[in-house]
Structures are given as structure tokens and as C-alpha cells.
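What follows is the residue order along each chain.
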Amino acid sequence: MKNPKKQYKLHPLLFLTALSVLSVFLLSACTRTAGSISRQGFYFDTVIRITLYGTGDETLLEHCFALAGQYENMFSRTKEGSDVWKLNHAEGGYVRLHEDTLILLRTALSYAELTDGGIDPTIGSVNKLWDFTGGTAALPDETALAQALSHVDYRSVTIDGGMAALNDPQAELDLGFIAKGYIADRMKEYLVSQGVESALINLGGNVLAIGNKPDGTPFKVGIQQPFAAGGVTALTLPVTDLSVVSSGNYERFFEYNGKIYHHILDTETGCPVWNSLSSVTVLCSSSMEGDALSTACFVLGAEKGMALIESLPDTEAVFLTSDGDILYSNGISP
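Remember, it's a predicted structure, so these values are computed and weren't measured experimentally.

Cut-offs used in this document
Residues numbered from 1 in each chain as written. Predicted model: local features only at pLDDT ≥ 70, side-chain atom pairs only at ≥ 80, totals over all residues. Heavy atoms only, no water. Buried < 20%, exposed > 50% of the residue type's maximum accessible area, 1.4 Å probe, protein only. Helix = DSSP H or I, 4+ residues; strand = E, 2+ residues; numbered from the N terminus. Pairing = 2+ DSSP bridges. Expected span 1.5 Å × (residues − 1). Contact = heavy atoms within 4.5 Å. Salt bridge = Lys/Arg side-chain N within 4 Å of Asp/Glu carboxyl O.

Asker: Explain the pairing of strand 3 (residues 46–53) here, please?
Answerer: Two faces belong to every sheet, and in a regular strand the side chains alternate between them. Counting buried residues in strand 3 gives six out of eight residues, a clear majority hidden from the surface. Pairing of strand 2 (residues 36–43) with strand 3, which is carried by eight bridges, proceeds in the antiparallel orientation. In the sheet register, Ile37 faces strand 3, and the bridge partner there is Leu52. Where strand 3 and strand 7 (residues 199–203) come together, five bridges link them in antiparallel fashion.

Written out as C-alpha cells, the structure is:
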């Protein structure tokens, strides 16, 4: 029997320009303010920042960033020698994987099945045809795109004990839609084991709060107004010991012939998903689940995506539509 949905009392403040932990930060060394320490760096093609309250122990930050490097070297599609890289270059053969990679892969496959392939970890061959970060607006060659699409099928992944294989040698894994969430969960697990009671983990927009702020009040997490300049927030959410993960068409995109092309791709067309949504933000205890769900709901669209959220215990969401509307799941009080 499922647990009843928890009622999160969230009070959005429209267009508030207060502190937003989803903002992009400039790189810097470890910094200290009264009662807190923080550090930021560049991993997973994004800026990450971790802030700890009530401690001055910088070895805790050092260990978290060591975890970031360790997991990037396991999960990255482009880093030679990573688990994912080995699978993608094994020409259909089995590869022994770290247990973390196996957990991540199994979870990714479960969401592929849940969405009937709407999200698919074998989208890597399509993803690499698009360049959303290079600054050059260009569409993939149609023939190459059709060829890549023919190798997108999560059912081609086989897991046998501690090993996995891609039955289609030309299929390519990409776990980017779920990896940062898993890493945030492992960082939280470590910090809590070390007695940390108040912290914020921000992995490029995947935000995970440990406890409350030191004064006992909830953290305030800002949800970005899509395409707004200057880090304008559409609303803020008071959060206690929860993960807040957003997926949207404004995160990585380019404009070509007056049309926006973004990084969340349709597994049937190989092109960006076009529907009424601009962003999906999911709140739940697991950042990995939130990471997968935010992408899944964006792909499914407003109606099916919200229905999925409402079917899950202890999970809430906020959808921003392209028309400027804000949709809330039943457990959120706007």
C-alpha cells in the first residue's frame, strides 16, 4: 500500500529577486561566511556549488568534490575510460560496471519503461548530433539523424549480474538525464553520515537541501523564469530536507531561423520536444528520482506529466507553461 502524499506548504512569490540557489555561479575557491563554508567547481559540464552550515570542516567539502570527480569518471559519455564510454565502445560486448553505474542504469531503464520510451538512455547517438553549448546554431543532417534514431531503443540494453551490454553495437548510452541526481544523493548520504544537519547541494540546478537553514526556517529555492535575463525567478519554494530538480527548454538551447531548439529531445523524431511546457520542477526526497521525473514529465506534457506526479507518494511538482501559467500538483498550496 502506498504512503499518502505529504502536504508541502509552498508559498510562491512571483518574480521575486531574492536569493536563488538555481543561479549560475562564477568559479571560485572555498569561501567562508559567518557560520558556513562553501566551494564551487566545474563538473558534468556545469558549475556546482556546495554550502555547509554549522561547520568549518573543509575536508567535508573536499570529499564531496572528490565524489563529483569519481562519479563523472564513471558516468560521463565523453570521458574515455568511463563505464558509459566503455559500454558505448564495446561493439556489443559485455562490460563489467561499478555498482553505482549499475544502479543508475537500472533506474534509467525503469523510467524508459515507465514512459514507454519517452525518455531513453540509448539516446546518446542522437544527442551527439546536436550542439547546444558550442555557440554555433546548426541543425543535424537529416540522414544522420534518421540513422541515429534507428539505434535508440532501451530494450537493447542487457544487464547480467555485474555486467551490461548494448545488443545493438551502434547504440550509445547517455545517462545525463539522471546522473546528477544520483550524485547529489550520494553527497547527501556522506554529509549526513558525518553529522551535517544543514547544507545545500547545487549541481547545476539540481538542488538538494539537507535539513533547514541554521535558524530553523526552510531554505528558499528559486525557480527560474524561462528565458528571462539576469536570473529572474518565477517563484520561490520554501524547502526542508528535499530535492528540487528542474528541467526546461531554457537551460541549453540555440535559436535557428527564429525557432528555439533545446536539449530535451523527442525519442521518436530526434528533435526537441515541443509542447505547452517551458519547465518542470519536481520536489521529492531523492534527487535521482526528481532528476528522472522532471525530464519524464516534460516529455509527457502537462496533462500526462501531472497525472504521473499525482500517482506518486511524497512527490510534488510545479509546471511552467509557454503561455506563462503556473500549474501545481495537489500537495502544493499556491
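Asker: Sorry, what's going on with helix 1 (residues 58–75) here?
Answerer: Given 3.6 residues to a turn, an α-helix orients residues that are three or four positions apart in the same direction. For helix 1, built from 18 residues, the straight-helix expectation of 26 Å at 1.5 Å per residue is met to within 8% by its first-to-last C-alpha distance of 26 Å. Taken as a whole, helix 1 has its buried residues at Leu60, Leu61, Cys64, Phe65, Leu67, Ala68, Gly69, Tyr71, Glu72, Met74 and Phe75. Tucked into the core, helix 1 has its buried residues touching strand 2, strand 3, helix 2 (83–88), helix 3 (99–114) and helix 6 (179–193).

Asker: I'm lost on unusual backbone geometry in this one. Help?
Answerer: Glycine aside, the phi torsion of most residues is negative, and most peptide linkages are trans. Here the phi dihedral of Phe44 falls at roughly 55°; this positive angle occurs in a residue that is not glycine. By secondary structure assignment, the location of Phe44 is in the loop between strand 2 and strand 3. On the accessibility criterion, Phe44 (18% relative accessible area) is buried. In this structure, Asp241 takes a positive phi of about 50° despite not being glycine.

Asker: Help me out: how do you make sense of the pattern of salt bridges in this one?
Answerer: Two side chains that carry opposite charge are able to pair once their charged atoms sit near each other. For the coordinates displayed, the defined rule picks out five salt bridges. Across the pair Lys128 and Glu172 runs a salt bridge, and its minimum N-O distance is 2.6 Å. Here Lys128 is found in the loop between helix 4 (124–127) and helix 5 (142–149), whereas its partner Glu172 is found in the loop between strand 6 (163–166) and helix 6, with 44 residues between them in sequence. Judged by relative accessible area, Lys128 falls into the partly exposed class, the value being 47%. Note that Asp241 and Lys188 form a salt bridge whose closest N and O atoms lie 3.4 Å from each other.

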